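Here is how the chains run, residue by residue.
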Amino acid sequence: MKKKSKPQKEPGEDVFAGTDALTTLRDWTRFAVTLFSKRGLFFGQGMGSAFDEAVFLLCGVLKLPEEGVETFFDARLTAPEIEEIRRALFRRAVERVPERARRRVRHFRRRARRRADQRRRLRAGRPHF
């Protein structure tokens, strides 16, 4: 069975060309949907469309609730938030790392740190709460 090759970033291709004018969550959601569709991403793990994937990714980056995200669509984003969004979009669209996998890794790292902290506190004789 022949393995499908992943579309890679072409040398000299700038995925974020022309994004300097994007300032709101609505702008970045629209850009993400277009980017995901253009790159031919697969939307599995509960995501039905490029829009669902974009909202899930952007809400995760900005720590916003997915329900009612429309209320934040016209909010202006800060420069650090835009950088985080660019990193996440690059990782999803170019490196093809699913957002759920990224969150799962982050969750397990956080859980491992918490357990290590608890063990240290127990060894020191302090309560673990």
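First, a word on what this report is: a plain description of the structure on this page. If you're wondering where the values come from, they're calculated on a predicted model, not measured in any experiment. (Residues numbered from 1 in each chain as written. Predicted model: local features only at pLDDT ≥ 70, side-chain atom pairs only at ≥ 80, totals over all residues. Heavy atoms only, no water.)

1. A word on the environment of S49
With respect to the helices, strands and loops of the structure, S49 is situated in the loop between α1 (25-39) and α2 (50-62). S49 sits 13 residues away from F36 along the chain, and the two C-alpha atoms are 9.4 Å apart. (Helix = DSSP H or I, 4+ residues; strand = E, 2+ residues; numbered from the N terminus.)

2. Here we look at the packing of α1 against helix α3 (residues 79-93)
Look at α1 against α3: their axes get within 11 Å of each other, and the N-to-C directions meet at 15°. As far as their axial angle goes, α3 and α1 are roughly parallel. Between α1 and α3 lies a crossing whose hand is right-handed. For the pair α1 and α3, contact is made by W28, F31, A32, L35, F36 and R39 and by I82, I85, R86, L89, R92 and A93, respectively. Its residues placed into classes, the contact of α1 with α3 shows nine nonpolar, no polar and three charged. (Axes fitted to C-alpha atoms, helices over the stretch in contact; angles between N-to-C directions. Parallel < 35°, antiparallel > 145°, perpendicular 65-115°, else oblique. Left-handed = near helix turned anticlockwise from the far one by under 90°. Contact = heavy atoms within 4.5 Å. Nonpolar A, V, L, I, M, F, W, Y, C, P; charged D, E, K, R; others polar.)

3. Some thoughts on unusual backbone geometry
Comment: phi is negative for the bulk of residues other than glycine, and the bulk of peptide bonds are trans. Positive phi outside glycine occurs at K63, with the angle close to 60°. Here K63 is to be found in the loop between α2 and α3. In the Ramachandran plot, R96 falls in the positive-phi region, its phi being about 60° despite a non-glycine side chain. For R96, the position within the fold is in the loop between α3 and α4 (99-123).

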